[in-house]
Amino acid sequence: MSVSNEMVRDTYDLYIGGTWMSTVDSKRFITSNPATEEPLAKVAAAQATDINHAVETAREAYPGWRDTPPNERGRIVYRVGQRIREYQDELATLESLDQGKPRSQAKSDIEGAARYFEYYAGAADKLEGTSVPIGPNQVDFTVREPYGVSAQITPWNFPANLFARGVAPALVAGNTTVIKPAEQTPLSTLRLAEICSEAGIPDGVVNVVTGFGEPAGSALTTHPDVDTITFTGSVPTGQTIMKQAAENITPITLELGGKNPAIVFPDADLDETAIWITRAIFTNAGQVCSAADRVVIHEDIHDKFVSRLIDCAEQYEIGPGKQDLDMGPLASKDHLGKVMRYIDLGRREGATLATGGKALDQDGHFVEPTVFTGVKNDMRIAQEEIFGPVLTVIPFSTEAEALEIANDVEYGLVGGIFTASVKRAHRLAQRLEAGNVYINKWFGDTYQTPFGGYKKSGIGREKGLDALESYLQTKNIAVNLSDSGEGDLPGA
Ligand code: NAP
């Protein structure tokens, strides 16, 4: 096995119960560097029996973790954040090698991962219930309890960051976890599980199973001993998992795709806006659920704004993550094929290729920053998530038309408004069908702000204190203080 960095081990087993464990049949798959197509490591391919073992291990660890005093739980979770910081360089290198993103962007992802653990750690001893004033001779109150075993399925675009986004709130709430990363990018997740143990997370509280959607992912989401599911990924897989979860009535949080509109008015600062939008579509080679996929431009500024977008796009330098240029490769060969099919489709649908559109003629899955103009909102390139560095430009003439175009899509993850008018910005922010709205900026969500989709972009919220709702259930306790023996009737 050719290994391009000494931090990468030759082989990886499953991480269950605080130890490395081979699969029942010792099967492995190869994860490779998308910038060079060289194999990086052989990784365990879990089967249903292995998933069973991981869930049982998490189940056994649950009472101990649930009953750990909250301040102690918070301290341990905080230490995970600190340890991630200590290993930031190593984790960023792993992520950049396995996923492809430029090293400084991987470093920023790891910084974000540390912040999730630090932020949620402080909430561990503040998960309070309420007292309900139902009258004399009675006491009524609520407590917020963990679910038990939290299954977490993550995609390949931000593996380490999304591990932290889900696992940190699950842990502070008292749940134990089983995480399945995407098969393309398992390395940072495996290292993070080890770091959790090093920081003092008890054995069995964080378990990682690597492998494929089938059989590993579905064995996890259909497991009767899984108490809640957090899934981040595409709409079709989210739909499958939702149907599977129905079997056991397992609660589910879905963070799915987006086809996000950025509306640009003539009074916006066009130079700044062009930088915001190109960064918003080309960061991580467009493999971002909250990318600015559709820019909806007022007709009066259409041509001059498009020429700024093209200038910005053509300045992008592309190369392997370790060169730390502006943009890395797409995460896999299959995904490059999908993005190139969409570029071809855009041409066939009659859009104009204003810049880019080619895969680089070299090793690795590189594609140029691409801008399509003359796009109509009913074209497939305007409606479907391409998940690559492909920007579609749609003109509008009135504010009402801009809003209609922005909302006329099955997704509702994020949206942006670029204007100098405060009134217009707020008017549109109220009407955009999206879980997050950015005004004169993009990627305006942080670890502190709730994040999640309207419409087919998902159910529930990640990030911020809202995310804790996915990991806590409310119990109401009613206490009789009277000696009268009089009883309440149902429905009273
Ligand atoms: P995906 O194909 O849906 O896969 C996501 C995860 O689900 C992977 O770990 C995958 O495993 C697993 N999986 C596949 N089939 C499964 C099944 N039947 N049961 C259980 N798990 C299964 O998504 P992706 O292509 O990796 O990621 C890109 C998508 O994620 C985009 O749509 C993007 O918008 C979305 N995303 C959303 C957010 C957000 O917060 N809203 C953030 C990031 C990404 P395998 O890898 O083995 O197939």
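Residues numbered from 1 in each chain as written. Predicted model: local features only at pLDDT ≥ 70, side-chain atom pairs only at ≥ 80, totals over all residues. Heavy atoms only, no water.

Observations concerning the nonpolar core
We apply this condition: The criterion is simple. A nonpolar core is a set of buried Ala, Val, Leu, Ile, Met, Phe, Trp, Tyr and Cys residues joined through side-chain atoms within 4.5 Å. Each residue is placed in one exposure class: buried if its accessible area under a 1.4 Å probe, protein chains only, is under 20% of its type's maximum, exposed if it is over 50%, and partly exposed if it falls in between. Throughout, a contact is declared for two residues whenever any of their heavy atoms are within 4.5 Å.
Ranked by size, the top nonpolar core spans 62 residues in total, and within it Val264, Ile277, Val295, Phe305, Leu309 and Ile381 carry the most contacts. Once residues within four sequence positions are removed from consideration, Phe305 is found in contact with Val264, Leu270, Thr273, Ala274, Ile277, Val295 and Ile297. Residues Tyr12, Leu127, Ala160 and Leu190 belong to the second largest nonpolar core, which totals 54 residues.

Quick word on the packing of helix α2 (residues 70–86) against helix α4 (residues 103–121)
To be explicit about the condition: For helices, the axis comes from a line fit to the C-alpha atoms of the stretch in contact; other axes are also lines fit to C-alpha atoms, and the angle between any two N-to-C directions lies between 0 and 180 degrees. Helix and strand assignments come from DSSP, with helices taken as H or I runs of at least 4 residues and strands as E runs of at least 2, each series counted from the N terminus. Note on terminology: angles under 35 degrees are roughly parallel, angles over 145 are roughly antiparallel, angles of 65 to 115 are roughly perpendicular, and the others are oblique. Note: crossing handedness is left-handed where the near helix turns anticlockwise from the far helix by less than a right angle, and right-handed where it turns clockwise.
One way to put it is that α2 packs onto α4 with a least axis distance of 8 Å and a crossing angle of 165°. The angle between the axes of α2 and α4 places the two elements in the roughly antiparallel class. Both α2 and α4 take part in a crossing whose hand is left-handed. Across the interface between the two elements, Gly74, Val77, Tyr78, Val80, Gly81, Gln82, Ile84 and Arg85 from α2 touch Ile110, Glu111, Ala113, Ala114, Arg115, Phe117, Glu118 and Ala121 from α4.

Section: the site of the ligand
Keep this limit in mind: Definition of nearness: a residue and a molecule or strand are near each other if at least one heavy atom of the residue lies within 4 Å of the molecule or strand. Nitrogen and oxygen atoms within 3.5 Å of one another constitute a polar contact, given that in protein one can donate a hydrogen and the other can accept it, and given that sequence-neighbouring residues count only through two side-chain atoms. Note on areas: Shrake-Rupley with a 1.4 Å probe; residue coverage comes only from the protein chains shown. Gly falls in the polar group here, along with every residue not listed as nonpolar (Ala, Val, Leu, Ile, Met, Phe, Trp, Tyr, Cys, Pro) or charged (Asp, Glu, Lys, Arg).
What surrounds the ligand is a group of 34 residues, the closest being Glu183, Gly213, Ser234, Leu256 and Glu385. Within the contact set of the ligand, a nitrogen atom lies 2.8 Å away from a backbone nitrogen or oxygen of Leu256. For the ligand, whose unbound accessible area comes to 910 Å², protein coverage reaches 89%. Looking at the shell around the ligand, the elements that each hand over two or more residues are α5 (159–172), α7 (213–221), β10 (228–232) and α8 (235–248). Sort the elements by how many residues they give to the shell around the ligand and α7 lands first, with five residues. Looking at the shell around the ligand, its residues break down into 14 nonpolar, 14 polar and six charged.

A few points about the pattern of salt bridges
Quick reminder of the rule: Every case where a carboxyl oxygen of Asp or Glu lies within 4 Å of a side-chain nitrogen of Lys or Arg is listed as a salt bridge.
All told, the structure shown has 29 salt bridges when counted by the stated rule. Here Asp13 ties to Arg28 by a salt bridge, and the two come within 2.9 Å at their closest N and O atoms. Highlighted residues: Asp13 in the loop between β1 (11–12) and β2 (14–16) and Arg28 in strand β4 (residues 28–32), separated in sequence by 15 residues. Taking relative accessible area as the criterion, Arg28 reaches 35% and is therefore assigned partly exposed. Close ionic contact of Arg103 with Asp89 constitutes a salt bridge, the shortest N to O distance being 3.7 Å.

Comments concerning the environment of Glu198
Within the fold, Glu198 resides in helix α6 (residues 187–198). Between the C-alpha atoms of Glu198 and Gly18, which are 180 residues apart in sequence, the distance is 9.4 Å. The contact partners of Glu198, leaving out residues within four places of it in the chain, are Arg83, Tyr87 and Arg191. Among the polar contacts listed, one links the side chain of Glu198 to the side chain of Arg83, at a separation of 3.0 Å.

Describing the domain arrangement of the chain
Rules: How far each domain reaches was decided by an automatic or database domain assignment. What gets called buried area is simply the loss in accessible area from a 1.4 Å probe that two parts show on being joined, summed for both.
In terms of domain boundaries, the chain breaks down into domain 1 (5–256 + 457–475) and domain 2 (261–439). Between the C-alpha centres of domain 1 and domain 2 the distance comes to 31 Å. Taken together, the 21 residues of domain 1 in the interface contact 27 residues of domain 2. Each partner contributes to the roughly 1,900 Å² buried at the junction of domain 1 and domain 2, and carbon and sulfur atoms together form 55% of this total. Where domain 1 packs against domain 2, one counts zero salt bridges. Linking domain 1 to domain 2 there are twelve residue pairs in polar contact (both at pLDDT 80 or more). Counting only elements with at least two residues in the side of domain 1 that touches domain 2, the list comes to α3 (88–99) and α4.

Focus: helix α14 (residues 422–431)
Operational definition: Relevant arc is that of directions from the helix axis to the C-beta atoms, nothing else.
Taken together, the buried positions of α14 are Arg424, Ala425 and Leu428. The arc that holds every buried residue of α14, seen down its axis, measures 100°, which confines them to one face. Those residues of α14 that are exposed and aimed more than 90 degrees away from the buried face are Val422, Lys423 and Gln430. The inward-facing, buried residues of α14 abut α13 (399–407), β18 (414–418) and β19 (436–439).

Quick word on the packing of α2 against α6
Running from N to C, α2 and α6 point in directions that differ by 125°, and their axes come no closer than 9 Å. By the angle between their directions, the pair α2 and α6 is classed as oblique. The two elements α2 and α6 meet at a crossing, and its hand is right-handed. The segment α2 lies against α6, with Val80, Arg83 and Ile84 engaging Leu192, Ile195, Cys196 and Glu198. Residues of the contact of α2 with α6, tallied by class, amount to five nonpolar, no polar and two charged.

Notes on a nonpolar patch on the surface
Let me state the cut-off plainly: Only residues above 30% relative accessible area that lack a salt bridge enter a patch, with like-charged residues linked at up to 9 Å and the nonpolar side chains Val, Leu, Ile, Met, Phe, Trp and Tyr linked at up to 5 Å.
Nonpolar side chains collect at one region of the surface, where Val139, Val479 and Leu481 lie side by side and expose about 220 Å² of accessible area between them. Tracing the chain through its elements places Val479 in strand β22 (residues 472–480). Residue classification places Val479 among the partly exposed positions, given a relative accessible area of 33%.

Describing the sheet that holds β18
Counted only if it meets this: Two strands pair if DSSP finds at least two bridges between them.
If you walk across this open sheet you meet the seven strands as β14-β15-β16-β13-β12-β18-β19, and the pairing is mixed. A strand with exactly one partner marks an edge of an open sheet, and here the two such strands are β14 (352–355) and β19. Strand-to-strand twist of the sheet, defined as the mean angle between neighbouring strand axes without regard to direction, takes the value 25°. Of the strands in this sheet, β14, β15 (370–373) and β16 (390–396) touch helix α11 (residues 333–349), which is tilted by about 25° from β15. Where α13 meets the sheet, it contacts β12 (260–264), β13 (292–298) and β16, and its direction lies at approximately 145° from that of β16.

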